[in-house]
Amino acid sequence: MGRFLLLLTCTLVSNYLHPWRGAGAQSMFTIRDISISLEPGDNVMRGTNVTVRCEALVSSSGAGPLSREYTIYKDGVTVYTKTTSSSSDLLYRLPDARVSNTGKYKCKLNIEGRKVTSEAKKLTVTGLSTPLLHLNNAVVSEGEELTARCTAPGETGSIIFYFYDDSKEILEDRVNSNQSEVKLRFNDVGIHKMNCSYTVLVTPFFFRSDKSNSVTVSVKELSITPVLEIFPYSNIYEGDRLDIMCTVRSLMADMHGNVHLYLSRGTQLLSRGDTNVNHSMIALAKDSEEFECRLEMGNVVKVDTKKILVTELFSVPTLTMSPSEVFQKEYMTLSCKSDTFASERIRRDQLTYSLDPPESLLIPKSSGVFSGKAPVYDFNYTCIAQAKGIRKYSRPLTVRPKVTVSTPKISVVGSAVLGRPFKVLCKSDFGSLPINYTLLKDYDQLSMAIVKMPLEQALFTVTIHQPGEINKFMCEAKNSQKDAPLSKRLEAIVVVPLSHPTLTVIPVLPEIAEGDHLFLICGVKGTPPITFKWYRDDNRSPIFTTTTDMNNTDYQIQALAKDDSGTYYCEAINHAKNVVRSAPVTIVVRLALWKKAVIVGFCLLLVSVLVVVFVLCIRSKRGKREAAAELSVKPSSPKSDDSLTVRLTHDTEVNNAAPDGVPHYDGMEGRVTNGTRASAVSLPTDTSNRSSFSIPATV
């Protein structure tokens, strides 16, 4: 009861002194710095007591301590964590440091979710302990199991142990402890010196120890052995029978059921058994190999081998063909022969030969000689030589009958342009390569080409200067001793380059007027089809383009206008790709005829009007002068009542007066006008032909 009262009193006092805890008040703080250090240093020897110190500098308000969570990392992996309210440094101790403690260390501080991590410090520990090797038995029989244990005293971490037999590594074992225990077996009889070593893995580095102590193991041989016997063992010929036996010597009673025998020749397993194996076979030349009798008992393996020499009864036959090249359905001969044979065992006439397949349709002519017509396709032949039950096959002979070349075809590649080099192709549809092609001109040899590969072509370059020369070319093809077939004569269109361009204008130039229908006819000499283009002035874009199979064509302009005046020319091109241009023609469009007539009529009318006006003006002036000269009125006295003397001139001669006409005197110029004919008669002014008189008058 007293303890309870004491505890209650302490709690009340604590709440009174630290009201922020109970009321949920938060103290203020800041982590100013955090650092990590290694003591006594960064590089230490194995066995040193190392301390990793984490020092944090924290500023806070309030009397209460802060809860601090420290985490120590080694190479990014958490190795130690502690939560404390103490402001003292955190210490992480590494007593008796080992190489496995080598690495980069960091310290992280977490206060109420606020985290700060220090920089990394690397610790290097050097020095490894010497490994110890222990064997559970120093004397074993071959194949007997042995336990070996290698220990790395005081080491930690990931370790790889290595075991050696006479300095040769025989086993490797990776563990996470400081020792490794393995099972070993020895099949080699004799003394074996064993030792071990280890490697500590500290990513990304590794540290290797020295080798351990040496331990000697004595391996005793088992008395059991395999025995291989071959009858006969020498002077063996093909066809002889061989008897082979594989047995066990010194087989103990307790070994039954654990022993297995295997009889083989090279890589071929002939037979197997438990205590003995027997095998019988006919000797062949290829049997000149090593025979093996293999004994297996658990992990114990023992072998006995023997090699025999088998003499050939006859050599492998050789199959040849004559002639070396043959054409389809031509006669050929195949010869099959074994070059050598054992005369002490067989005679040559005991050797027989045949062809495979038998349906080859070749007829035997003598021993090993077969004749007949070559097939029309590739065929494989094999020769079989046989004597005393021994059969030997020759290497396959592939007969590839050649195909006689067909009659060639001659053609032009591209276009044949007069006066320019062009290509001529000579080709046969079928025929075995190589093929010799010869180009002829009127049966005279010009050139030769040899086609050796399937994609090759026989191309010849020629030039002609007359269109008729194209038909003089021929070619022949040859791939055998037979007469070479001759092609037909070359037939092709010869493209004559364009020349002599002309531009004809209809109507003729001086007669071109407005409203006319104009024809610009462009003509050339050369081979159609021809593309014609018409141009105007200096514009390089044609105003009209057409392609035709004729040597001339036209460009028309209907209802000519003054704007159509200009300089025109044409260009032409054909498959010879040479462009020819006509001489330029300047066209001037004149006024229409009716416009000229209107203008001339208007001009004539204007001139006529001017002439009439001029004549009238002249006559008017002359009339006034004559009237003033012939009529004078003189007064008798200066008074107004003076009589006037009038002088009248009377023409006594009337010219061209009609007898029935009434003359009319105009009273001014002495002119008489015939009223009916409207003709005027002038009175002569000569005084010799007329009389003058004066009549006085009084006014």
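Worth saying up front: this structure is predicted, and the values here are computed from it rather than measured.

**A word on the overall build of the chain**
Line of reasoning, step 1. Helices and strands together make up the secondary structure of the chain, namely 3 helices and 57 strands.
Line of reasoning, step 2. The 699 residues of the chain split such that 35% are buried.
Line of reasoning, step 3. Of the roughly 41800 Å² that the chain leaves accessible, carbon and sulfur atoms contribute 53%.

**Some points on the pairing of strand 10 (residues 132-135)**
Line of reasoning, step 1. Of the two faces of strand 10, only one is covered, namely that formed by L133 and L135; the face formed by L132 and H134 stays uncovered.
Line of reasoning, step 2. For strand 10 and strand 12 (residues 145-151), the ladder comprises 4 bridges, and the chain directions are antiparallel. Paired with L132 across the bridge in strand 12 is T151.

**Some words on the environment of P226**
Line of reasoning, step 1. By secondary structure assignment, the location of P226 is in strand 19 (residues 225-231).
Line of reasoning, step 2. We classify P226 as buried; its relative accessible area is 8%.
Line of reasoning, step 3. P226 sits 35 residues away from L261 along the chain, and the two C-alpha atoms are 8.0 Å apart.
Line of reasoning, step 4. Residues in contact with P226, not counting those within four places in the same chain, are T247, C293, L295, K302, V303 and D304.

**Points about the UniProt feature "transmembrane region" (unreviewed entry) in the chain**
Line of reasoning, step 1. Here, UniProt's "transmembrane region" (unreviewed entry) annotation points to residues 597-618.
Line of reasoning, step 2. What you have in residues 597-618 is 100% helix and 0% strand, and the ends, taken at the C-alpha atoms, are 31 Å apart.

**Overview of the sheet that holds strand 40 (residues 444-451)**
Line of reasoning, step 1. Taken together, the 3 strands give an open sheet; going across it, the order is 40-39-42, and neighbouring strands pair in antiparallel fashion. Two strands bound the open sheet, and with one partner strand each, they are strand 40 and strand 42 (473-478). With strand direction ignored, the average angle separating the axes of adjacent strands in the sheet is 20 degrees.
Line of reasoning, step 2. Inspection of the sheet shows strand 39 (residues 435-441) paired to strand 40 by 7 bridges, in the antiparallel sense. Opposite I435, over in strand 40, you have V451 as the bridge partner.

**Some points on a nonpolar patch on the surface**
Line of reasoning, step 1. Taken together, V607, V611, F614, V615 and I618 make up a surface patch of nonpolar side chains, about 430 Å² in accessible area.
Line of reasoning, step 2. Overall, V615 belongs to the partly exposed group, its relative accessible area being 33%.

**Quick notes on unusual backbone geometry**
Line of reasoning, step 1. In the segment running from E39 into P40, the intervening peptide bond is cis, with an omega of 15 degrees.
Line of reasoning, step 2. With respect to the element layout, P40 can be found in the loop between strand 1 (29-39) and strand 2 (43-45).
Line of reasoning, step 3. With an omega dihedral of 0 degrees, the bond running from T203 to P204 counts as a cis peptide bond.
Line of reasoning, step 4. In this structure, P204 sits in the loop between strand 16 (190-202) and strand 17 (205-208).

**Regarding the state of the cysteines**
Line of reasoning, step 1. Considering all chains together, one arrives at 6 disulfides under this definition.
Line of reasoning, step 2. Paired by a disulfide, C150 and C196 hold their sulfur atoms 2.0 Å apart. An S-S torsion of about 75 degrees defines the bridge between C150 and C196 as right-handed. In this pair, C150 is assigned in strand 12 and C196 in strand 16, connecting sequence segments 46 residues apart.
Line of reasoning, step 3. The buried category is assigned to C150, whose relative accessible area is 0%.
Line of reasoning, step 4. Owing to a relative accessible area of 0%, C196 belongs among the buried residues under this scheme.
Line of reasoning, step 5. The disulfide partner of C426 is C475, and the gap between their sulfur atoms is 1.9 Å. Disulfide C426-C475: torsion about the S-S bond near 80 degrees, hence right-handed. Of this pair, C426 sits in strand 38 (residues 422-427) while C475 sits in strand 42, placing them 49 residues apart in sequence.
Line of reasoning, step 6. Judged by its relative accessible area of 0%, C475 is buried.

Rules behind the numbers
- Residues numbered from 1 in each chain as written.
- Predicted model: local features only at pLDDT ≥ 70, side-chain atom pairs only at ≥ 80, totals over all residues.
- Heavy atoms only, no water.
- Helix = DSSP H or I, 4+ residues; strand = E, 2+ residues; numbered from the N terminus.
- Buried < 20%, exposed > 50% of the residue type's maximum accessible area, 1.4 Å probe, protein only.
- Areas by Shrake-Rupley, 256 points an atom, 1.4 Å probe, with all protein chains shown as cover.
- Pairing = 2+ DSSP bridges.
- Contact = heavy atoms within 4.5 Å.
- UniProt positions renumbered as here; feature names shortened; annotations may be inferred.
- Axes fitted to C-alpha atoms, helices over the stretch in contact; angles between N-to-C directions.
- Patch = residues over 30% accessible without salt bridge, like charges linked within 9 Å, V, L, I, M, F, W, Y side chains within 5 Å.
- Salt bridge = Lys/Arg side-chain N within 4 Å of Asp/Glu carboxyl O.
- Disulfide = S-S within 2.5 Å.

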